[in-house]
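# Descriptive analysis of the structure
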Amino acid sequence: MPIGMVVLTVAIYFWQQEQTAINEQLRKRERLFRAHNRIDGITQVCDAQYLRQQLDIELRFARQTGRPCALLMLDVDDFDRVNRNYGYLEGDRFCRH
Ligand SMILES: Nc1nc2c(ncn2[C@@H]2O[C@H](COP(=O)(O)OP(=O)(O)OP(=O)(O)O)[C@@H](O)[C@H]2O)c(=O)[nH]1
């Protein structure tokens, strides 16, 4: 085989490898972007749709592996009073911390 063909084949091989890596990076960025869109601006907590998807994944994983799965829920009692007494901006600040 002429040397030119060998060089061209190797070059195409590396070019293809690079394209695959770039595609993978783009897919990762897209996943991050989608996940980012599901995050509440104030609390930085993911939305209900994201929670449902993750629960689905985690429960399936727990069933398959027999490992335990836990869910922690927090509820601030009477949070409405914080808003009424100190205003919504203070309520938002409270949620952030
Ligand atoms: N400041 C602020 N208030 C919010 C936000 N989202 C919801 N709220 C307020 O949270 C209150 C609802 O909270 P709940 O937990 O349902 O009600 P609660 O007053 O805490 O009552 P209990 O949980 O039953 O004790 C409402 O007054 C909403 O307006 C937010 O992003 N920022």
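Now for a description of the structure that goes with this document.

Scoring rules and cut-offs
Counting of residues starts from 1 at the beginning of each chain's written sequence and follows it residue by residue. In keeping with the model being predicted, local features are shown solely for residues with a pLDDT of at least 70 and side-chain atom pairs are shown and tallied solely at 80 or more, while totals for entire chains, interfaces and linings include all residues. Only hydrogens and water are set aside; all other atoms, that is, all heavy atoms of the structure, feed into the side-chain values. Think of a salt bridge as a Lys or Arg side-chain nitrogen and an Asp or Glu carboxyl oxygen that are within 4 Å of each other. Helix and strand assignments come from DSSP, with helices taken as H or I runs of at least 4 residues and strands as E runs of at least 2, each series counted from the N terminus. Type-normalised accessible area, obtained with a 1.4 Å probe on protein chains alone, sets the label of each residue: buried when under 20%, exposed when over 50%, and partly exposed for intermediate values. Any Phe, Tyr or Trp ring, taking Trp's six-membered ring, that has another such ring centre within 6.5 Å forms a pair; planes under 30 degrees apart are called stacked, those over 60 apart edge-to-face, and the others tilted. Any residue with at least one heavy atom within 4 Å of a molecule or strand is counted as near it. Two N or O atoms form a polar contact when they lie within 3.5 Å of each other; inside protein one atom must be a possible hydrogen donor and the other a possible acceptor, and for residues adjacent in sequence the pair counts only when both atoms belong to side chains. Per-residue and other accessible areas follow the Shrake-Rupley method at a 1.4 Å probe size, with only the shown protein chains counted as cover for residues. The classification used treats Ala, Val, Leu, Ile, Met, Phe, Trp, Tyr, Cys and Pro as nonpolar, Asp, Glu, Lys and Arg as charged, and all other residues, Gly among them, as polar. Expected span of a helix, by definition, is 1.5 Å for each gap between consecutive residues, and there is one gap fewer than residues.

### What about the pattern of salt bridges?
- As enumerated under the stated definition, the model contains 6 salt bridges in all.
- A salt bridge links D80 to R84, with the shortest nitrogen-to-oxygen separation between them at 3.2 Å. One end of the pair, D80, and the other, R84, are both in helix 3 (residues 79-86), 4 residues apart, so they sit about a helical turn from each other.
- By relative accessible area, which is 42% here, D80 ends up partly exposed.
- Its relative accessible area of 58% is what places R84 among the exposed residues.

### Concerning the packing of aromatic side chains
- Under the counting rule described, the total for this entry stands at 2 aromatic pairs.
- Each ring, one from Y13 and one from F14, has its centre 5.3 Å from the other, and the planes form 80 degrees; the classification is edge-to-face.

### Some details on the site of the ligand
- Lining the immediate surroundings of the ligand are I42, D75, V76, D77, D78, F79, D80, N83, Y88, G91 and D92.
- A distance of 2.6 Å is found between an oxygen atom of the ligand and a backbone nitrogen or oxygen belonging to D78.
- Protein contact buries 55% of the 660 Å² of open area that the ligand shows by itself.
- Listing elements by their share of the shell around the ligand, those giving two or more residues are helix 3 and helix 4 (88-96).
- Taken together, the residues of the shell around the ligand sort by class into 4 nonpolar, 2 polar and 5 charged.

### Focus: unusual backbone geometry
- Positive phi outside glycine occurs at Q44, with the angle close to 65 degrees.
- The topology assignment puts Q44 in the loop between helix 1 (3-37) and helix 2 (48-65).
- Phi is positive for D78, which is not a glycine, with a value near 60 degrees.
- Along the chain, D78 turns up in the loop between helix 2 and helix 3.

### Considerations on helix 2
- Here helix 2 is 18 residues long and its end C-alpha atoms lie 25 Å apart, about the 26 Å a rise of 1.5 Å per residue gives.
- For helix 2, the side-chain oxygen to backbone nitrogen distance between the N-cap and Q49 is 3.3 Å, and the N-cap itself is D47.
- Backbone geometry just after helix 2 places G66 at a positive phi near 75 degrees.

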